[in-house]
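Coordinates in review
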Amino acid sequence: MKRCELTLPKIEATLEQSEEWLWVSDNGFNKRRLRLHDYAEIYDIPGLYERVFCDMLKSRSWEVIPSMLSYEINKSSKNEDSLRVLDFGAGNGMVGEALLSQMECERMIGVDILPEARKAAGRDRPCVYDEYHVIDMSQIEPATRKKLTEFRFNCLVTVAALGFSDIPTGAFVEAFNLIQDRGWIAFNIKDKFLTNRDDTGFARLVKRMLNDDILDVRFEQKYRHRFSIDGKELYYSAIVGKKKRDIIFDDFNPGD
Ligand SMILES: C[S@@+](CC[C@H](N)C(=O)[O-])C[C@H]1O[C@@H](n2cnc3c(N)ncnc32)[C@H](O)[C@@H]1O
């Protein structure tokens, strides 16, 4: 397939991340808008996700979160179980690949809502996942939950997938509760979802996770996730910890 041309638009006002877009064309022809959150369309074109997010917008989360997680695990103890990882919102497999390059994992299971994501991971990174499931975790069937429980996950990674129109709070809770107690949890979230103005439930949940008996936080840091299409720095918080207990409804009382 011919390499398409990508051009950042000149926009007047900063857009919400879920509204961002750029121009894409084939050698100047068929010029059209591509929304950055049109993941299905982006995954369908080999290398496009990497060009847009890594090359143009300097996204770093796909390597920052696995690095922080492996650093904390290595620091923690010599008697850790081998990792059985749930990569939730796995996309085309960049996070799973980065983690595997740093840690030995007994199992690496990808889950994403999009069949295009699974296809892209299989096409571009065929050796990363032992299994990759297309699941809407916000409406998970009991049989699917039971099947996932059988993996006895002791590690959850969710990168660049929480908030906006991506993974809702309830779906993240489902994934969190699939992890065994004392398992590792690593995720990132945009700082605005941690403010009191946020009403998606993430703010309430993460605050409880950080201050309460849900997560033994080992690492928390604000860092530059990527640039916006108009060149502004977008900051996220990276959080790594060990799970203490399941999340219950009262911990977040979701508004989404
Ligand atoms: C920005 S991509 C991040 C992909 C990958 N984690 C990375 O960092 O490269 C967000 C991913 O979350 C997935 N996603 C959004 N909503 C989801 C949901 N409800 N359940 C599972 N995955 C979801 C999208 O399909 C997309 O692949």
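**Considerations on the overall build of the protein**
- Looking only at helices and strands, the protein features eight helices and 10 strands.
- By the compact-globule yardstick of 18 Å for 256 residues, the protein fits well, its C-alpha radius of gyration being 18 Å.
- Judged by the C-alpha coordinates and their principal axes, the protein covers about 55 × 40 × 35 Å.
- Burial analysis of the protein (256 residues in total) assigns 50% to the buried set.
- Of all intrachain contacts in the protein linking residues separated by at least 6 positions in sequence, the fraction that spans at least 24 positions is 65%.
- Across the protein, 38 positive and 43 negative side-chain charges occur, with their mean positions spaced 3 Å apart.

**So, the environment of Glu41**
- One can find Glu41 in helix 1 (residues 39-44).
- Glu41 sits 75 residues away from Glu116 along the chain, and the two C-alpha atoms are 8.0 Å apart.
- Each residue touching Glu41, except ones within four places of it in the same chain, is listed here: Arg32 and Leu34.

**A closer look at the pairing of strand 2 (residues 21-26)**
- Sheet topology places strand 1 (residues 5-7) next to strand 2; three bridges connect them, and they run antiparallel. Following the sheet pairing, Glu5 is matched in strand 2 by Ser25.
- Pairing analysis gives five bridges linking strand 2 to strand 3 (residues 29-35), with the strands arranged antiparallel. Pairing of Trp21 across the sheet is with Arg35, part of strand 3.
- Counted between consecutive antiparallel strands, the loop separating strand 2 from strand 3 contains two residues, among which Asn27 sits at a positive phi close to 50°.

**Concerning helix 7 (residues 169-177)**
- In terms of burial, helix 7 is largely enclosed, as seven of its nine residues are buried.
- All of the buried residues along helix 7 are Thr169, Ala171, Phe172, Val173, Glu174, Ala175 and Phe176.

**Points about the pattern of salt bridges**
- Per the counting criterion, the structure on display carries 17 salt bridges.
- Between Arg125 and Glu50 there is a salt bridge, and its shortest N-O distance comes to 2.8 Å. A residue pair is termed long-range when its members are at least 10 positions apart, and Arg125 in the loop between helix 5 (115-124) and strand 6 (131-134) and Glu50 in helix 2 (residues 48-56) qualify at 75 residues.
- You can call Arg125 buried: its relative accessible area is 10%.
- Exposure remark for Glu50: the relative accessible area of 17% places this residue in the buried category.
- Two residues, Lys243 and Asp246, come together in a salt bridge whose shortest N-O distance is 2.5 Å.
- We classify Asp246 as partly exposed; its relative accessible area is 36%.
- Taken together, the shared-partner salt bridges in this structure form one network comprising Glu50, Glu97 and Arg125.

**Focus: the packing of aromatic side chains**
- Tallied over the full model, the rule gives nine aromatic pairs.
- Centre to centre, the rings of Tyr49 and Phe53 are 4.6 Å apart; their planes meet at 40°, and the pair counts as tilted. One end of the pair, Tyr49, and the other, Phe53, are both in helix 2, four residues apart, so they sit about a helical turn from each other.
- Under the relative-accessibility criterion, Tyr49 is labelled buried at 18%.

**As for the domain arrangement of the protein**
- The domains assigned to the protein are domain 1 (5-56) and domain 2 (61-251).
- Put simply, the middle of domain 1 and the middle of domain 2, counted by C-alpha atoms, are 25 Å apart.
- Residue-level contacts link 23 residues of domain 1 with 25 residues of domain 2.
- Buried area between domain 1 and domain 2, summed over both chains or domains, comes out near 1900 Å², and the portion from carbon and sulfur atoms is 54%.
- By the criterion of area lost to domain 2, the three top residues of domain 1 are Gln17, Glu20 and Tyr43, representing 32% of everything that side buries.
- Here domain 1 and domain 2 share two salt bridges between them.
- We note a salt bridge from Glu20 to Arg226, for which the minimum N-O separation is 2.8 Å.
- At the junction of domain 1 with domain 2, the criterion picks out 10 residue pairs in polar contact (both at pLDDT 80 or more).
- Broken down by secondary-structure element, the contributors of at least two residues to the side of domain 1 that touches domain 2 are helix 1 and helix 2.
- The residue inventory of the side of domain 1 that touches domain 2, partitioned by class, reads 14 nonpolar, five polar and four charged.

Conventions and cut-offs
Residues numbered from 1 in each chain as written. Predicted model: local features only at pLDDT ≥ 70, side-chain atom pairs only at ≥ 80, totals over all residues. Heavy atoms only, no water. Helix = DSSP H or I, 4+ residues; strand = E, 2+ residues; numbered from the N terminus. Rg over C-alpha atoms; globule rule 2.2 N^0.38 Å. Buried < 20%, exposed > 50% of the residue type's maximum accessible area, 1.4 Å probe, protein only. Contact = heavy atoms within 4.5 Å. Lys, Arg positive; Asp, Glu negative; His and termini not counted. Charge placed at Lys NZ, Arg CZ, Asp CG, Glu CD. Pairing = 2+ DSSP bridges. Salt bridge = Lys/Arg side-chain N within 4 Å of Asp/Glu carboxyl O. Phe/Tyr/Trp six-rings, centres within 6.5 Å; stacked < 30°, edge-to-face > 60°. Domains from an automatic or database assignment. Buried area = accessible area lost by both parts, 1.4 Å probe. Polar contact = N/O pair within 3.5 Å; in protein donor to acceptor, adjacent residues only side chain to side chain. Nonpolar A, V, L, I, M, F, W, Y, C, P; charged D, E, K, R; others polar.

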